[in-house]
Amino acid sequence: MNLKASLLSACIFFLLTVMATAQQEGFRITDSRTGKPVAYAHVKIVELGTTASRFYVSDFDGFVRYALSVPVQVQVTYVGYQALTDTLLPGDKPRLQLLPEVFSLDEVVVTAQYNPGSADKSLYRVNVINQLQLRRAAVTDLTSVLRNQMNIRFSQDASLGTGMSLQGLSGEHVKILVDGVPIIGRLNGSVDLSQVNVQNARQIEIIEGPMSVIYGSNAMAGVINIITNELPGKSFTANAGTYLESVGKIDFNAGFSLSRGKHAVGLQAARNFFAGYSPVEDGRESLWKPKRQVIIDFDYRLMLKKAVINSRFSFFDELLLVRGSASAPYYYKAFDNHFGTRRYTAKVDFATKGPNPLSVSNSLSMYNRVRTLYFNDLSVPEKWPLEYDTTGFGSFLSRGMYSLRTGSGKLGSQFGYDVTHEWGAGDRLDNGSHSITDVGVFATFQYTPFTWLAIQPGMRFIRNNRFDAPLVYAMHLKGGAYKGFVFRASYAKGFRAPTLKELYMSFVDSNHDIKGNPELLPEYSENLQFQVSHRIEKTTYATETEVKLFYNKIRDEINLLPVLGAENDLQYTYYNVEQTRTLGYTASLRSSLYPMFDLRVGWGTTGILSGNEGIDQHKLYWTPEAGLDVTCRMDNIDLHLTAAYKFTGRTPLLYITGEDQITVAYQEAYHNLDFSVLKSFYKERLSVSTGLRNILDVKNITSTGASGGIHSEGGSSVPVAWGRTVFVKITYVFQKDEKKK
């Protein structure tokens, strides 16, 4: 009897041991230097001899639950670490160790690439702002992302929002994409960067220089592509966060994703509120206008055996309030303008798997802006609508690309097309409806005769239903015969047709009088760039130095210029500047001492020369700039301290005189300094960021040589920021592992 009981106990113990072991089947991912587990690493597992792939994310302890029944190839990636590929066999008990990147030079980029690949190997110089940098800066919109980036300058308007320039060329020449889809809704020529949400961004990729061969019109100065987070392989994830800033800014966001087999869905939503701000109290009016935003993104993914289908529906709603001052003599009446903006975007992407992918993307975007004038009886208080007008725009984009590379890797090619049809109608659009269609077919060819040299010519054929378009072509070179040295050189032609807003749209309120110009001509451009870098990377430190030179020449550049001497001092119109040249350089140093410090230093200058009557056609107007980012990392307590500084020198501004001549004014230099602290808790589930923005308390700067302007609200003082503020950002993430049957 005792023998039977002993045997039964032994069997039960054995079965429990087997069950416990089975529950822990899998492998762990750790940091090769510290031995700490790497949570949320992305893992791709492919059974050898097949094309079937499975995707996982490591848990908080760095563990991936997977039963090794057959030989598999494992690929592991995570921000801040070098990618790892290994083969695992049944019976192995591996511990995969990731080697940290001293700083991220080899992040995977997708913009304008044949296949996703490392930024260091791309023929284009791609500046990547990764997710860790976004978290450190506690960013909420594209303005806060780009504020301290080199070679990017901002133009602020308290009503129209934030515009930008790149390489001295205004925002009309910069194509802003979200996962490859252009954002529509330009008002004064530029997309309002404060309307571009980045709460769900995985990384942001910036390519400077003409990309007209690949992306067509509006890409002469470069491309900014916001890459959003992919739906994770976890069975369920959820996130929530809030952002508070002492100026009266309150943001909330939340979302979830659910994965079941081939299907995955995700929903992200945000509500942003800004109370408005004025440096000096002026009754009901605010210099920086109050606004409220609602943003919703819904995603669906279908994983097929040889292809992936991704779809997204995005909704954006903004209400901007422009309060008028109380009317004399009794001060109980006032008139307010409410500007409502809505943007809808639906997108479906199809992409095949494998080394020679085919991708097709179709998107439909609708943009609607409504102005409503209210009469306010402040003694009650009540308000009544008096008048309203509406302007709507739409855009359909179909884009396809096929990439082909030979087995040796020496030859590659990419063929593609895109069709863009835009239309608009409304009271502010010349009281009518207008449309413009652009069809492009492009091809690039890549030849790599040696491992250290790559050559890529490209061309684009364009058919525009309103303007004659030339053949657009480009040549790119990348080389590096000596260890650590890389050079890139390029020459490219560009073309940009006037947009419907530039041709026909008018925008008039108490602070603006913008008129379209149906007589505008298209722009033609040339660009020359050269960049050289040197990289040293050791076990615990790394440095990279870089120098970049650029030259742009544009014929008939379309510019939004103030009209001096007009009856209304705030009158602006679009105008073709006969010849515009910009040239300059940037030099930068990136250095890192693992795991304590990250340092980024940049300096440079941009010169602008405009060949037009009224301007010295041989004088370059220079704008210097400098930047410094310092981060102190304490990984043992998950704490990051970051200081970011940017100096923007005196900037030239063009104006039209009453005799249709162009003259030059200046916007004075200013400084920006931010400081932030990032701390993670509960195995990185909870993140808290806090700090100071605009520590130097810059609000308005002087504009000399002219009496007013679109950004000056009728005076010689230009608003650039709302002064020193304190902010707090809190984010919580929950993830549930996928259960294995």
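Being a predicted model, the structure only gives us computed values, none of them experimental. (Residues numbered from 1 in each chain as written. Predicted model: local features only at pLDDT ≥ 70, side-chain atom pairs only at ≥ 80, totals over all residues. Heavy atoms only, no water.)

Help me understand the overall build of the protein, please; the structure alone is not making it clear to me.
Counting secondary structure elements, the protein contains 5 helices and 45 strands. The burial tally for the protein puts 51% of its 741 residues in the buried class. Put simply, of all contacts in the protein between residues at least 6 apart along the chain, 61% involve residues at least 24 apart. A total accessible area of about 33,200 Å² is found for the protein, and carbon and sulfur atoms account for 60% of it. (Helix = DSSP H or I, 4+ residues; strand = E, 2+ residues; numbered from the N terminus. Buried < 20%, exposed > 50% of the residue type's maximum accessible area, 1.4 Å probe, protein only. Contact = heavy atoms within 4.5 Å. Areas by Shrake-Rupley, 256 points an atom, 1.4 Å probe, with all protein chains shown as cover.)

What is the right way to read empty space enclosed by the protein from this model?
In this approach, a probe sized like a water molecule rolls over the atoms, and the result shows the empty space that is left. Applying the stated rule across the entire model yields 9 cavities of 30 Å³ or more. Taken together, 35 residues line the largest cavity, and the ones lying closest to its centre are Lys175, Asn218, Ser395, Thr420 and Glu422. Those elements giving two or more residues to the lining of the largest cavity turn out to be β14 (174-178), β15 (181-182), β24 (358-377), β25 (382-405), β26 (411-426), β27 (432-450), β28 (453-464) and α5 (500-504). With 5 residues, β25 is the largest single contributor of residues to the lining of the largest cavity. Looking at the lining of the largest cavity residue by residue, the class counts come to 14 nonpolar, 13 polar and 8 charged. The calculated volume of the second largest cavity comes to roughly 460 Å³. The wall of the second largest cavity is formed by 26 residues, among which Val178, Ile183, Asp297, Ser314 and Thr345 lie closest to the centre. Elements represented by at least two residues in the lining of the second largest cavity include exactly β15, β17 (222-228), β21 (291-303), β22 (307-322) and β23 (333-352). (1 Å grid on protein atoms, 1.4 Å probe; cavity = no way out; pocket = protein on both sides within 12 Å on 5 of 7 lines; lining within 4 Å. Points joined across faces, edges and corners; volume = space filled by probe spheres on them. Nonpolar A, V, L, I, M, F, W, Y, C, P; charged D, E, K, R; others polar.)

I keep staring at the side chain of threonine 444 and nothing clicks. Help me out?
Considering the arrangement of structural elements, one finds threonine 444 in strand β27. The contact partners of threonine 444, leaving out residues within four places of it in the chain, are Tyr114, Val213, Ile214, Gly412, Ser413, Gln414, Gln456, Pro457 and Gly458.

Would you take a moment to explain a nonpolar patch on the surface for this structure?
On the surface, Leu244, Ile250, Phe252, Phe273, Val728 and Ile730 cluster together into a nonpolar patch covering about 460 Å² of accessible area. Along the polypeptide, phenylalanine 252 turns up in strand β19 (residues 249-260). (Patch = residues over 30% accessible without salt bridge, like charges linked within 9 Å, V, L, I, M, F, W, Y side chains within 5 Å. Salt bridge = Lys/Arg side-chain N within 4 Å of Asp/Glu carboxyl O.)

Would you take a moment to explain the sheet that holds strand β6 (residues 84-88) for this structure?
To summarise the sheet geometry, strands pair through backbone hydrogen bonds and adopt either a parallel or an antiparallel arrangement. Taken together, 4 strands build an open sheet; the order of strands is β3-β2-β5-β6 and the sheet is antiparallel. Edge positions in the sheet fall to β3 (53-57) and β6, since each of these pairs with one other strand and no more. Within the sheet, the average angular offset between the axes of one strand and its neighbour, ignoring direction, is 20 degrees. Bridge count between strand β5 (residues 72-77) and β6: 5 bridges; the pairing is antiparallel. Paired with glutamine 73 across the two strands is threonine 87, which belongs to β6. (Pairing = 2+ DSSP bridges. Axes fitted to C-alpha atoms, helices over the stretch in contact; angles between N-to-C directions.)

Could you clarify how one ought to interpret the nonpolar core in this entry?
Side chains of nonpolar character tend, in soluble globular proteins, to be buried together. By size, the foremost hydrophobic cluster in this structure holds 41 residues, and its most contacted members are Ala112, Tyr124, Met211, Ile214 and Tyr215. Ignoring sequence-local partners within four residues, the contact set of tyrosine 215 consists of Thr111, Ala112, Lys175, Leu177, Val223, Arg399 and Arg460. Counting residues in hydrophobic clusters, the runner-up holds 25 residues, among them Met164, Val174, Ile206 and Ile224. (Core = buried A, V, L, I, M, F, W, Y, C linked by side-chain atoms within 4.5 Å.)

What am I meant to see in the side chain of asparagine 552 here?
Summarising the element assignment, asparagine 552 is placed in strand β34 (residues 541-562). Residues contacting asparagine 552, with those up to four places away along its chain left out, are Gln167, Leu169, Glu526, Asn527, Thr580, Arg581 and Thr582.

So what exactly am I meant to see when it comes to the sheet that holds strand β4 (residues 63-65) here?
Across the sheet, 3 strands lie side by side as β4-β1-β7; this open sheet has mixed pairing. Looking at the sheet topology across the chains shown, the edges are occupied by β4 and β7 (95-98). Across the sheet, the mean angle separating the axes of adjacent strands is 25 degrees when strand polarity is ignored.

Just to check I follow, could you spell out unusual backbone geometry for this structure?
Working note: non-glycine residues mostly have negative phi, and peptide bonds are mostly trans. Between valine 380 and proline 381 the backbone carries a cis peptide bond, its omega angle lying at -10 degrees. Tracing the backbone shows proline 381 in the loop between β24 and β25. Phi is positive for aspartate 638, which is not a glycine, with a value near 50 degrees. Within the chain, asparagine 694 stands out as a residue other than glycine whose phi angle is a positive 55 degrees. Checked against the element boundaries, asparagine 694 lands in the loop between β42 (686-693) and β43 (700-704).

Honestly, the pattern of salt bridges in this entry has me stumped. Any pointers?
One side chain can pair with another of opposite charge once the charged atoms of both are near each other. Summed over all chains, the structure comprises 21 salt bridges. A salt bridge links arginine 153 to glutamate 625, with the nearest nitrogen and oxygen atoms 3.9 Å apart. Placement of arginine 153 in strand β11 (residues 152-157) and of glutamate 625 in strand β37 (residues 621-634) is noted, with a sequence separation of 472 residues between them. Across the salt bridge formed by aspartate 299 and arginine 312, the nearest N and O atoms sit 2.6 Å from each other. Here aspartate 299, found in strand β21, pairs with arginine 312, found in strand β22; they are 13 residues apart in sequence, far enough to count as distant. Like arginine 312, aspartate 299 is buried. Here the residues in one salt-bridge network are Arg136, Asp598 and Arg633, joined through shared partners.

Help me understand the pairing of strand β2 (residues 42-47), please; the structure alone is not making it clear to me.
Relative to β3, β2 runs antiparallel, the two sharing 5 bridges. Note that in β3 the partner of histidine 42 across the bridge is valine 57. Of the pairings in the sheet, the one linking β2 to β5 comprises 6 bridges and is antiparallel in character. Within β5, the residue paired with valine 46 across the bridge is glutamine 73.

Where do I start with the pairing of β19 in this structure?
Here is the key point about a regular strand: its side chains alternate between the two faces of the sheet. Residues Lys249, Asp251, Asn253, Gly255, Ser257 and Ser259 line the buried face of β19, whereas the alternating positions Ile250, Phe252, Ala254, Phe256, Leu258 and Arg260 sit on a face that is not buried. Sheet analysis places strand β18 (residues 236-245) next to β19, joined by 10 bridges and oriented antiparallel. Bridge assignment links glycine 241 to a residue of β19, and that residue is asparagine 253. As paired strands, β19 and strand β20 (residues 263-274) are joined by 12 bridges and run antiparallel to one another. Opposite arginine 260, over in β20, you have histidine 263 as the bridge partner. In this antiparallel pair of consecutive strands, β19 and β20, the connection spans 2 residues, and glycine 261 shows a positive phi of 60 degrees.

Even after reading the chapter, I still don't get the environment of aspartate 31, so can you show me in this structure?
By secondary structure assignment, the location of aspartate 31 is in strand β1 (residues 26-31). Residue class for aspartate 31 comes out buried when judged on its relative accessible area of 3%. C-alpha separation for the pair aspartate 31 and leucine 98, spaced 67 residues apart in sequence, amounts to 5.2 Å. In contact with aspartate 31, other than residues within four places in its own chain, are Lys36, Val38, Tyr81, Leu98, Pro100 and Tyr594.

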